[in-house]
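# Per-entry structural report
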Amino acid sequence: MDIQVSTGRVGEVDVQALAVAVFKDEQAHEGFLQELDAATGGLIKSVIESEELKGKEGETVYLHLGEGRGELKAKRLLLVGVGERESYKAAQVSQMAGTAARALRARNVKTVGLIARGAESDAERSAEVSVEGVLMSLFEPDKYRTSEKEERVLERLVIVAQGANEDALRRGAERGRIVGESVNFTRDLANEPGAYMTPTIMAERARAIASEFGLEVDILDRERMESEGMGSLLSVARGSEEPPALIILKYTPEGFTGGGTVSGGGEGLLAFVGKGVTFDTGGISIKPGENMELMKYDMTGGATVLGVMRAAAQLKPPMPLLGVVPAVENMPSGKATKPGDVVRAMSGKTIEVINTDAEGRLILADAIAYARKLGATQVVDLATLTGAVSIALGDVNTGILGTDQELIDEVIAAGREVGEKLWQLPLDKEYTRQIKSDIADIKNVGGRKAGTITAAAFLKEFADGISWAHLDIAGTAWGDDVKPYRSKGPTGVAVRTLLNLIERAVRASSGNKGDKGDKS
Ligand code: BES
Ligand code: MN
Ligand code: ZN
């Protein structure tokens, strides 16, 4: 899709259709709508007076202007309700753009002018989130369909903001393209069947983005993991014919020697660690068959890390970043780890494996240890870790827990600005009692109570002494239903949150924290 910007008169935009945001209870005789009403020969007034469109979030009205009617070059118009003007921020602009793009693609429109109307306070940010929203909305999971596949494609998108600064719009649109494409990159990986996304293939994808965008890459194979003493990670890989891979990506800003973390100033190193179980059968503690096919997305945390590093390599923040993805397949076999086995993690801790289906924490334990060995002082990990998190929070909020409240607060704030909700669960030390083992230092499950918390309590054993936050995305990484601005399937959740977290950290260290993202 070709992405352009336009700061001139709306009537002159040479596209098949214009999509226009309409605020709640907005009247046709004021401001921009008045202009549009005049240019359409009174159509806006007639739609609003008919009460077909009240500007409520998600409402749409689609109109054909017909030849000779009105003064717009575009002969089709999509009005998109966006709710209250005061609460129309970056997240809502992005959804408006997505809703418009999906609706117009469905009507076989090829060229679209988007009038998101968020640009008054920050044209650059508004253009960015508009392009993000459009690209994300157009992702479809039906990659392997060969018959009856609808090939409707949006060919050209024009971001329209009358009177805005054109360079700012361009910069924003380009950032939006990078972020939107990276979110879709993550979704594409998450969507791949297990056979097409093995640990080896995932590592190849990491190598490919490293060479395309300029990142350092290192892939540890089984032998190197053995020499590092990663008995916990390796215990999960044992049952599979597919060799494991520990993927390391490093971004270093050009000509840069210092460090940087969230709210930690110019020192230290921020690492993202993502669970990469390319398929989770449960191992010997095998899962029931129902819905097991979904366990192809158990590598979404890892895919999220790859997506974030892919975008960061192009956005080039002045802060180094580390990405770590332990990639394994969890299978039952004659070689597989058995319930009751005791394994020794890289940190030296011994773990009794009560349930081989609690494998995510086993691989993350060693991945976090290795991130620390590489110098990480701050870790944000992401994992489709527990079914319990969807019982607690459904598909609305990502669960967040950790040891550094300031970091947790920053992640939550970064998420809110991009429309990704996170809800903190407690991590009191009392929960750690549930993972005491009779035979080893700890065991890998904590019983039926507080499943998401005891999983985090397990990870905490490997994150002591550093600043750490853990995101359980098991409930939010997959969408069961189509939305006006999004297909079903992988959501790409948390890619934008983490990119915004980096943005905010950079802005904070240059002294004007957190007032930009919420303005548009
Ligand atoms: N990958 C699953 C968690 C999961 C479940 C993700 C549903 C997405 C949707 C994880 O490895 C797992 O199996 N967790 C177990 C832990 C239990 C054995 C303590 C669970 O949640 O049942
Ligand atoms: Mn599992
Ligand atoms: Zn799993």
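In short, a report on the structure. Bear in mind the structure is a predicted one, so any value in this text is a computation, not a measurement. (Residues numbered from 1 in each chain as written. Chains lettered and ligands numbered in written order. Predicted model: local features only at pLDDT ≥ 70, side-chain atom pairs only at ≥ 80, totals over all residues. Heavy atoms only, no water.)

## Notes on unusual backbone geometry
Note the threshold: Helix numbers and strand numbers start at the N terminus; a helix is a DSSP run of H or I with at least 4 residues, a strand a run of E with at least 2.
At Asn108, a residue that is not glycine, the phi angle is positive and equals roughly 65°. Within the secondary structure, Asn108 sits in the loop between α3 (90-106) and β5 (111-115). Phi is positive for Ser263, which is not a glycine, with a value near 50°. When you line up the elements, Ser263 lands in the loop between β8 (245-251) and β9 (270-274).

## So, the coordination of the zinc ion (ligand 3)
Put simply, the rule reads: Any N, O or S atom lying within 2.8 Å of the metal counts as a donor, and for Na, K and Ca the limit rises to 3.2 Å; water is left out, so some sites can look incomplete. By the criteria applied here, four donors are tetrahedral when all angles lie between 85 and 135 degrees, four are square planar and six octahedral when opposite donors are over 155 degrees apart and every other angle lies between 65 and 115, and any other arrangement is irregular. Categorising residues by exposure relies on relative accessible area from a 1.4 Å probe, with only protein chains included: less than 20% of the type maximum marks a residue as buried, more than 50% marks it as exposed, and the intermediate range marks it as partly exposed.
Every protein donor of the zinc ion (ligand 3) is accounted for by Lys275 (NZ), Asp280 (OD), Asp298 (OD) and Glu359 (OE), and the metal-donor separations fall at 2.0 to 2.4 Å. Taken together, the six donor atoms coordinating the zinc ion (ligand 3) span angles of 78 to 175° at the metal, a pattern that classifies the geometry as octahedral. Read from N- to C-terminus, the donor residues coordinating the zinc ion (ligand 3) fall into the pattern K-x4-D-x17-D-x60-E. A distance of 3.1 Å spans the gap from the zinc ion (ligand 3) to the manganese ion (ligand 2), which Asp280 bridges by coordinating each metal. Pair noted here: Lys275 is in the loop between β9 and β10 (276-280) and Asp298 is in the loop between β10 and α9 (300-315), with a separation of 23 residues, a long-range link. Its relative accessible area of 2% is what places Lys275 among the buried residues.

## Side note on the sheet that holds strand β6 (residues 156-160)
Stated precisely, the cut-off is as follows: Here, any two strands with at least 2 DSSP bridges between them count as paired. The angle between two axes is taken between their N-to-C directions and runs from 0 to 180 degrees, where each axis is a line fitted to C-alpha atoms and a helix contributes only its stretch in contact.
In spatial order, the strands read β1-β6-β5-β2-β4-β3; together these six strands make up an open sheet with mixed pairing. Edge positions in the open sheet fall to β1 (2-6) and β3 (60-64), since each of these has one partner strand only. On average, adjacent strands in this sheet sit at an angle of 20° to one another, irrespective of strand direction. When β1 meets β6, the two strands line up parallel, connected through five bridges.

## Remarks on the pattern of salt bridges
Quick reminder of the rule: Any Lys or Arg side-chain nitrogen located within 4 Å of an Asp or Glu carboxyl oxygen qualifies as a salt bridge.
Counted by the stated rule, this structure contains 33 salt bridges. For Asp357, the salt bridge goes to Lys287, with nearest N and O atoms at 2.9 Å. Taken together, the residues Asp357 in the loop between β13 (350-352) and α10 (360-373) and Lys287 in the loop between β10 and α9 connect sequence positions 70 residues apart. According to the relative accessible area criterion, Asp357 is partly exposed, its value standing at 23%. Of the charged contacts, one joins Arg496 and Glu420 as a salt bridge, the two residues approaching to 3.5 Å between their closest N and O atoms. In this pair, Arg496 is assigned in helix α14 (residues 495-509) and Glu420 in the loop between α12 (405-418) and β16 (422-424), connecting sequence segments 76 residues apart.

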